[in-house]
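# Understanding the architecture of this molecule
Read off the chains here:
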Amino acid sequence: MLLHGTKTKIMINTNCTEDILDEVNELIHAPAMETAVDIRNVTVSFKGKKGVYTAIKDINLAIYKGEIISFIGHSGCGKSTLMNTISGMVKPSKGEVFANGNLIKGPGPDRGVVFQNYSLLPWLSVYKNIKVAVDSVFKQKTHEQKASLIERNLKMVNLWEHRDKLPGHLSGGMKQRVAIARAFAIDPKVLLLDEPFGALDALTKSSMHVELLKMWNLDHREKTVVMVTHDIEEAIFLSDRIVVMNNGPEATIKEIVELHLPRPRNKKNIVHDPAYMEIHDRLLNLLIDKFSIND
Amino acid sequence: MFVSELHVTKINKKHMKSFSIKKSGTDFLYFMLSMCILLGIWALISKITKAEIPGPKSTWLVFKELMAEPFYDRGPNDKGIGNQLMSSLLRVFYGFGLGSLIAIPTGLIMGASKTGMKLLNPLVQILRPVSPLAWFPLGLLAFKSAGGATIFIIAITSLWPTLINTAFGVASIPADHKNVGKVFGFSAWKYLTKIMLPYSLPHIITGLRLSIGVAWMVIVAGEMLSGGVGIGFFVWDSWNGLSLEKILIAILIIGAVGLLLDKFFNSLQNAFAWDKN
Ligand SMILES: Nc1ncnc2c1ncn2[C@@H]1O[C@H](COP(=O)(O)OP(=O)(O)O)[C@@H](O)[C@H]1O
Ligand SMILES: [Mg+2]
């Protein structure tokens, strides 16, 4: 709690001067940091026609409150599976996952999910897509409170003017922003993003990264963001830590790479930072390593 | 069997589209040409049979006569063609409505629950192929009236396409949509109204469109058995009165009304097709 207070104060008193942000970063990585998600000894097996397939095995990971953490690894290694044990859509065959101190028994609004394919309801307008979620989660709020909540979140992703459109009439990037606004509107403590920008072109992707960080900042960096990605650059630009996974079956965590890159990060400048290049190389090696094992 | 019906549904959908008349442009022209072919064949057959089957001209004269007073009412067995048609339509809507009220909820249950599907599917497969005529005595027994029995056989034979399409629609809700409900903690009611029904609505309407076609087909058979009043009775009565012209007129009217009913459901389909706009 004390820690929590300190951090908030720093955020309010400063306007993102870099040293103090460094300090925030230090705090984030301090071992005393509150745990938002605790993955303990998690194994997930799927029963198929050809027998049992163990996707991930004996995973242990503590995700801290307010950090941005990425899972990276080859396709099919079990990133989504691991992510879904946090969202509650996949039950671990062994082990447990705790979120905000509670054992996860199923999906819940304390964990917002942005799906890989947006998952908007195509028969509802942009506004109503967010409204159904807000109505369902905040049953006690008044009509006006909910309306202003929806408006604020839609404006945050610059989609207020498009609120009456159906998802079918939006571009991929816009749909993604609706999905993000929807996840933010229910104000989850943990935000789960499964390859959220995978389908976007490079330009839209970049602006979505900035958008995501903006929202995270506006929220005093108190939301925990867990993200799955294929994209090394994206992972480095956004994350505090990057979890590199081994290939399945029985995938495990290969290595956790800690990033001490200061925030706010600038897309153009960051690539020239020697620390960035070092991490980039390391990740590339970790991932390419797997190719040579496979081949 | 379940699958084959769906297949038919799909083919019909494509097939019917090309038959639906649009008021404007070439479609209308083709429709008129098509009617000309019909008249041509008809006239030819009439000529070959040496007017034993009446031709378009003599039929037209009888038609004009009938249309002069379509709604006359001279006792229980002598009513105008308009009256006959109206009472048939009314029965069709009762039977079809009743059938749909059974078919849609049952279809929702079958589509939403594997147990429901396993439990009800054998029942559907056994009852679905039964001819409307076979149901008629049972209807008479249950409702003690020919009118009731007719509505009963329409309901029980027309409900299957709606039921099967509804079940298919619900069963094919993508995991993505279901996950939205899970993640945002939708109540059962919210899931039903915001995900299940909107998603399956186009399928349900396709089912209804097929069902109304079946219902309209069954009405003629039903009324031939039940007598009284109705377009089916009119056909039977005309046969007894040896007026082949009237039978041909009835056939054309039955066809035209069937087409209009189909058009109506086609426009509903377009109005509720969230996936196509
Ligand atoms: N529901 C499931 N049933 C059976 N196998 C599954 C299921 N979900 C995932 N898998 C398998 O588990 C492995 C990991 O999948 P996933 O977590 O989706 O990989 P990633 O997201 O890293 O691409 C894959 O081999 C996949 O086929
Ligand atoms: Mg995945």
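What you see is a predicted model; the values in this text were computed from it and never measured.

## Digging into the nonpolar core
Of all hydrophobic cores here, the largest spans 98 residues; its most connected members are A:I39, A:V226, A:I236 and A:I242. Ranked by residue count, the leading element in this core is helix α6 (residues 172-185) of chain A, at eight residues. When near neighbours in sequence (up to four residues on either side) are disregarded, A:V226 contacts A:I63, A:I69, A:F71, A:M83, A:I86, A:V190, A:L191, A:L192 and A:L193. Ranked by size, the runner-up nonpolar core spans 42 residues in total, among them B:A149, B:I156, B:V220 and B:V235.

## Some details on the domain arrangement of chain B
Assigned domains within chain B: domain 1 (2-53) and domain 2 (59-271). Here domain 1 of chain B and domain 2 of chain B have C-alpha centroids that lie 21 Å from each other.

## Observations regarding the site of ligand 1
All names here are of chain A. Residues in close proximity to ligand 1 include F46, Y53, A55, H74, S75, G76, C77, G78, K79, S80 and T81, which together make up its full environment. Between an oxygen atom of ligand 1 and a main-chain N or O atom of G78, the distance comes to 3.0 Å. One of the backbone N or O atoms of K79 is found 2.8 Å from an oxygen atom in ligand 1. Coverage of ligand 1 by the protein amounts to 59% of the 560 Å² it exposes when considered alone. Secondary structure elements with two or more residues in the shell around ligand 1: β2 (51-64) and α3 (79-87). With three residues, α3 is the largest single contributor of residues to the shell around ligand 1.

## Description of unusual backbone geometry
All names here are of chain A. Cis peptide bonds are those with omega within 30 degrees of zero, and the linkage from R263 to P264 qualifies with -5°. Locating P264 in the fold gives a position in the loop between β10 (253-258) and α9 (267-270). Even without being glycine, E250 reaches a positive phi, approximately 55°. Mapped onto the elements of the fold, E250 is located in the loop between β9 (241-245) and β10. Take E250: its relative accessible area is 42%, and that puts it in the partly exposed class.

## A short note on the environment of A:L212
Residue and element names in this part refer to chain A. Locating L212 in the fold gives a position in helix α7 (residues 202-218). Residue L212 is classed as buried on the basis of its relative accessible area, which comes to 2%. C-alpha of L212 to C-alpha of F237: the two residues are 25 residues apart in sequence and 11 Å apart in space.

## Re the side chain of A:T229
All names here are of chain A. Within the secondary structure, T229 is located in strand β8 (residues 224-229). Here the side chain of T229 touches D231 through a polar contact of 2.8 Å, landing on its backbone nitrogen. Excluding residues that lie within four positions of it along the chain, T229 makes contacts with S70, F71, I72, G73, K79, E195, E234 and A235.

## A closer look at the pattern of salt bridges
Residues and elements named next belong to chain A. Enumeration according to the criterion identifies 14 salt bridges over all chains in this entry. Note that D110 and R111 form a salt bridge whose closest N and O atoms lie 3.2 Å from each other. The class of D110 is partly exposed, set by a relative accessible area of 25%. A salt bridge links E255 to R282, with the shortest nitrogen-to-oxygen separation between them at 3.1 Å.

## Structural notes on helix α5 (residues 143-156) of chain A
Residues and elements named next belong to chain A. Over its 14 residues, α5 runs 20 Å from end to end, which matches the ideal 20 Å to within 8%, given 1.5 Å per residue. Within α5, burial applies to K146, L149, I150, N153 and L154. The arc that holds every buried residue of α5, seen down its axis, measures 125°, which confines them to one face. Along α5, the residues that are exposed and aim more than 90 degrees away from the buried face are E144 and R152. Of the surrounding elements, those touching the buried residues of α5 are α4 (126-137) and α6. Where α5 terminates, the next one or two residues include N158, which has phi positive at roughly 60°.

## What about the confidence of the model for chain A?
Confidence in the prediction of chain A, expressed as mean pLDDT, is 85, and 86% of residues score 70 or more. Per-residue pLDDT stays below 50 along residues 1-17 of chain A; that stretch engages in 21 contacts with residues further than four places along the chain or on separate chains.

The rules behind the values
- Note that residues are indexed from 1 along each chain, following the sequence as it is written.
- As a convention, the first chain written is A and the first ligand written is 1, with the rest following in written order.
- Thresholds applied to this predicted model are a pLDDT of at least 70 for local features of residues and 80 or more for the giving and counting of side-chain atom pairs; totals over whole chains, interfaces and linings are not thresholded and use all residues.
- Computation of side-chain values: all heavy atoms of the structure, hydrogens and water removed.
- Only buried Ala, Val, Leu, Ile, Met, Phe, Trp, Tyr and Cys residues count toward a nonpolar core, and they belong to the same one when joined by side-chain atoms within 4.5 Å.
- Burial classification: accessible surface area is computed with a 1.4 Å probe over protein chains only, and a residue below 20% of its type maximum counts as buried, one above 50% as exposed, and the rest as partly exposed.
- Secondary structure follows DSSP: runs of H or I at least 4 residues long count as helices, runs of E at least 2 residues long count as strands, and numbering of each begins at the N terminus.
- Whether two residues are in contact is decided by their heavy atoms, any of which lying within 4.5 Å being enough.
- What marks off one domain from the next here is an automatic or database domain assignment.
- Here, proximity means that at least one heavy atom of the residue falls within 4 Å of the molecule or strand.
- Here a polar contact means two N or O atoms within 3.5 Å. Within protein one must be a hydrogen donor candidate and the other an acceptor candidate, and residues neighboring in sequence count only if both atoms are side-chain atoms.
- Residue exposure ignores everything except the shown protein chains as possible cover, and the areas themselves are Shrake-Rupley values with a 1.4 Å probe.
- Think of a salt bridge as a Lys or Arg side-chain nitrogen and an Asp or Glu carboxyl oxygen that are within 4 Å of each other.
- For a helix, the expected span equals 1.5 Å multiplied by the number of residues minus one.
- Comment: arc refers to directions from the helix axis out to C-beta atoms.
- The predictor attaches a confidence to each residue, and that confidence, scored 0 to 100, is pLDDT.

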